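Listed here are the chains, written in short residue letters.
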Amino acid sequence: MTLTKHVKLACLFLLILIFSVTAEIAGLTALSLKNDLTNGSISQTDGGFCPAKGGTLVVIHFGDPKSFNPDAVADDPLYPVASQIFNKLVTLDANYNVIPDLAESWEVSPNASVYVFHLRKNVKWHDGVPLTCKDVKYTFLAMKNFTGVAAGLLNLNLLKSVECQDDYTVVFKFSQPNAPFLSFVAWYGTFILPEHIYNKTEYTNWMDPKIPALSKPVGTGPFKFVEYVKGSHIILEANKDYFKEGLPCLDRIVFKIVPDAVAAEQTFIAEGDVLLTTPPLTDLPKLNATPGVVVRTYPTPSRWFLAFNMLRDLTRNKDFRFAIAYALNRTDILYRAFSGFGFVAKGMYVPSISWAYNPNAQPPEFNLEKANQILNSLGFKVGSDGFRTYPNGTRLTLKLVSFQTAEINAMSQVIKEQLRKVGIDVSIELLDLGTFQQKAYREKNFDIAITDGFWGPDPHNLYLRFGGGGHNLPGYNNTQFNDLAMKAATTGDTSRRKDLYWSLQEILAQELPIVPLIDVLGFDVYKAEWIGFDRDLPGKVGLGVYEAVWSKAKLTTTPVSITTTQTSISPTSSPITSTTQPTPTEGITTTATLAVLVIVIVIIAAAVFMYIRKK
Amino acid sequence: MSLVRHTSKKIAQGFFVIIISISIIFFLINLAPGDPIQFVAGDPIFLSKELVDYYRKMWGLDKPLYERFLIYLSNVFLRGDLGYSYRYSAPVIELIKERLPVTLLLTVVSNVLAFILGVALGLYASRKYTKLSDNLLSLVSFILNSTPTFLLGIVLMLAFSIHLKIFPVSGLIDVRNPKTGFMYYFDILYHSVLPIATLTFVLLPMYFKVVRDTALQQLGEDYVILCRAIGLDEGRIFKKHIFRNSILPPITLFMLQLGYSVAGAAITETVFGWPGVGRLLLDAIYQRDYPVILGVYLLVSISIVALSIIADLVYTILDPRIKTGGAS
């Protein structure tokens, strides 16, 4: 007698439960972002200045590092930690410009084959040993010998010699010009390692488990390593002997590892200061509306793009590629797949690397008529079912290959729908990341593929993505393109390089081996109490380094001059345009109370109902 | 005597089961698409030929599959060496050892809690069959059973950590103000309340249902009617007879669950940022960290085999009717 009733009741109950939870998660707040730092910000005019000292910064972090050797393999979870512990020769600031780090100055020969770096003289490792040229030499030779992750990008196979002119002058000589070297040295996998710890004969390589620094890293950075509990947290403390006088401002940094997006967001609100785990994008307005939380958005050099398979007859046809590009409405993709969080990709290179970006080389704009016109002229007739067919009668179907994420799920559906409008059928195949890389990059088993990637820090990235090597997704092969790219990589003259990269982008716009889709929205999420992040101090602080971060809450005792600065962010278009009146966050507790009340009432009602029925 | 023979036979069988299951998994993960080297490089623009060759050679992936299989088996069973993790460049055995206590705290405690609560509530519900309390309990267990783990975890987190602020949101310890000594362990316990509660609620309905249904079945048996006819007190019938006869199925379940508990509870661990074996395994699968996947599965198969042997022994004690060595 009870089964159907149970089922009904349970369904009702579950519905209420799910409703209350989703309402909770959605926050029931209007989609509106507070103006960044509305109350004005206190600026450190000088990178070496702490208006207030002390405090612990709790960073909610997304994953476990693979090891504490930051140069061996690509290790995204290590990077935010390594940036505090180690230094590079030069580094990138928040605008992707190269700024000094361990090297206070450098010279590049006109043909970009000789690089001279002058090191700072007051740098000590965390164990007290001074840093010298020996450490730099060891690091780069180890990268070459043990195939560090950056070895390929740095072209270390062309490295003829790295010599110490004196303790504080390093000279790199390459057998061929190597212009992208400086940008790549500033980017990834190039932290300087302590020679006196790593370089011992009993170690087989730099990942030998016997090396103590692999579990307890020793660096030169603003923070020293204290403790790491796998899966739980990493603790760092201030390095009192840091070479930048007066820094860091903080006492401690704690990286708390919370990989789950929703849990990380809640942990951040409850007890965190900085959120590194990417929250669901649609939660950003809610986070921004949370009192005491700042969400700062900006464009990044990471880009989603659609690649054509240049090895297949159909997609090798340039007119066909243009037809697809005309059929894609990228604004529609941005709003439907990314809820508007991002930027419609402009140009064939990323605008955020501004010196190399060519605004004249643009992909085609959305134009259904042109798309249909081209497809008709190519002989693809529309059949009775609305789909186009080859002249021999088989249906025109494109195989779209990509990997599983929420964005790609949505994006591929939108693309399928858009191409349906010009009569092209799309079969979607979403794999896991490893399988995708194998199928798409190596086997080239696709018609069109969607992926994302970092296009900086140097436009040489264009050669990597469309020239030689295993990362050429479309399988594009154009001798003229390769020649120009090699020329650009072998000259030290920046304005000449710029001209060459501009022509490369023009070639890409004419040939269209890919369609740029969406530029990824970058965002910093942190508590308003904190200030002095990389984006507050462009040109002074390296990307993601917390050396100048300090707390307004600690300011009470020391009066300082307060200046209001305009945030230096100039997104190409505001990600969230529908700025309505910010609603106060009465939200969460009320919703919860309501939900609990409803549940209780339902339970009582159900109980009474059953009781009466039985009577 | 026959018990010893029976058990040693079971152990020998178990050994074969372990070898077979580990072989299946070895070939399965190696035949699955994807390549661990892709994950060393992250973004494909890092993938140079030198890098690929270097790591292939270092990990022995340049050798043919059958050769790698023989090397792996001899390393594991002759030298007790589970190999090195590709991702962490650390011995697999160390990685598992670090995380196992944390995982066992979570899984064993919640299994025991779910077992005890499930049996008690199941018996209670069967006694109150079709009464209000039975209906309510069945309803709740139905809902819990159909609620996904992550949803339940997040609901509990929102209710008790975010709104009521009784428990911490996630993690193993309070990293802002680390504790020492006794308070350190108390802190871990405090942080484990919600994850344990989540997992308990997830496991509970299974025990509840099994016990309730078995007890109801027992209620219709002749011996219960006889007991009632004699005029035995209902409470005594339940305590003495129905309880003993309804306890065997949940014990089987309990042992089976306990066998899996070394593999952790990946979803609960992920939701609560709990550094357990489940998360280790999940990450290893995503990143094609073959040695870690194999290591964890080896551990799981060993523990399942061991617990099924123990379960056999426990049966003979609980139910004298089960003859050891005989046909079941």
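Model, not experiment: these values are computed from the prediction. (Residues numbered from 1 in each chain as written. Chains lettered and ligands numbered in written order. Predicted model: local features only at pLDDT ≥ 70, side-chain atom pairs only at ≥ 80, totals over all residues. Heavy atoms only, no water.)

Caption draft 1: Representation of the overall build of chain A. The number of helices and strands found in chain A is 17 helices and 21 strands. By sequence separation, contacts in chain A at least 24 residues apart represent 71% of the contacts at least 6 residues apart. Taken as a whole, chain A presents about 24,300 Å² of accessible surface, with 55% of it coming from carbon and sulfur. (Helix = DSSP H or I, 4+ residues; strand = E, 2+ residues; numbered from the N terminus. Contact = heavy atoms within 4.5 Å. Areas by Shrake-Rupley, 256 points an atom, 1.4 Å probe, with all protein chains shown as cover.)

Caption draft 2: Broad picture of the state of the cysteines. Residues and elements named next belong to chain A. Inspection of every chain in the model, using the stated rule, returns 2 disulfides over all chains. Covalent S-S linkage joins cysteine 50 and cysteine 249, the inter-sulfur distance amounting to 2.1 Å. Here the disulfide of cysteine 50 and cysteine 249 is left-handed, its torsion about the S-S bond being about -85°. Residue cysteine 50 is located in the loop between α1 (3-26) and β1 (56-61), and its partner cysteine 249 is located in the loop between β9 (233-238) and β10 (252-257); the two are separated by 199 residues in the primary sequence. (Disulfide = S-S within 2.5 Å.)

Caption draft 3: Spotlight on unusual backbone geometry. Residue and element names in this part refer to chain A. The step from leucine 247 to proline 248 runs through a cis peptide bond, and the omega angle for that step is -5°. Among the structural elements, proline 248 can be located in the loop between β9 and β10. At serine 339, a residue that is not glycine, the phi angle is positive and equals roughly 50°.

Caption draft 4: Summary view of the interface of chain A and chain B. Contacts between the two partners involve 72 residues from chain A and, on the opposite side, 59 residues from chain B. Buried area between chain A and chain B, both sides added, is near 5,800 Å², and the carbon and sulfur share of it is 64%. We note a salt bridge from aspartate 432 of chain A to arginine 288 of chain B, for which the minimum N-O separation is 2.6 Å. Remark: the boundary between chain A and chain B carries 5 residue pairs in polar contact (both at pLDDT 80 or more). Listing elements by their share of the side of chain A that touches chain B, those giving two or more residues are α1, β1, β10, α6 (261-271), α13 (433-442), β18 (448-454), α14 (461-466) and α17 (587-614) of chain A. Considering each element in turn, the side of chain A that touches chain B owes the most residues, 9 residues, to α1 of chain A. (Buried area = accessible area lost by both parts, 1.4 Å probe. Salt bridge = Lys/Arg side-chain N within 4 Å of Asp/Glu carboxyl O. Polar contact = N/O pair within 3.5 Å; in protein donor to acceptor, adjacent residues only side chain to side chain.)

Caption draft 5: Layout of helix α7 (residues 149-163) of chain B. All names here are of chain B. A rise of 1.5 Å per residue sets the reference length of α7, with its 15 residues, at 21 Å; its end C-alpha atoms lie 20 Å apart and thus fit the reference within 8%. At methionine 157, α7 shows its maximal bend, which comes to roughly 30°. Of all the positions in α7, only Thr149, Leu151, Leu152, Gly153, Ile154, Leu156, Met157, Leu158, Ser161, Ile162 and His163 are classed as buried. (Expected span 1.5 Å × (residues − 1). Bend = angle between axes of the 7 residues up to and from the residue. Buried < 20%, exposed > 50% of the residue type's maximum accessible area, 1.4 Å probe, protein only.)

Caption draft 6: Inspection of the nonpolar core at higher detail. Ranked by size, the top nonpolar core spans 272 residues in total, and within it Phe140, Phe172, Leu419, Leu517 and Tyr546 of chain A carry the most contacts. Per-element tally for this core: the top contributor is helix α14 (residues 290-318) of chain B, with 12 residues. Once residues within four sequence positions are removed from consideration, phenylalanine 172 of chain A is found in contact with Leu89, Ser113, Val114, Tyr115, Phe117, Val136, Phe140, Leu159, Ser161, Val162 and Phe181 of chain A. (Core = buried A, V, L, I, M, F, W, Y, C linked by side-chain atoms within 4.5 Å.)

Caption draft 7: Fine view of the environment of leucine 3 of chain B. All names here are of chain B. By the secondary structure assignment, leucine 3 is in helix α1 (residues 2-31). For leucine 3, a relative accessible area of 37% corresponds to the partly exposed category. In the structure, leucine 3 is positioned 313 residues away from threonine 316 in sequence and 9.4 Å away in space, judged by C-alpha atoms.

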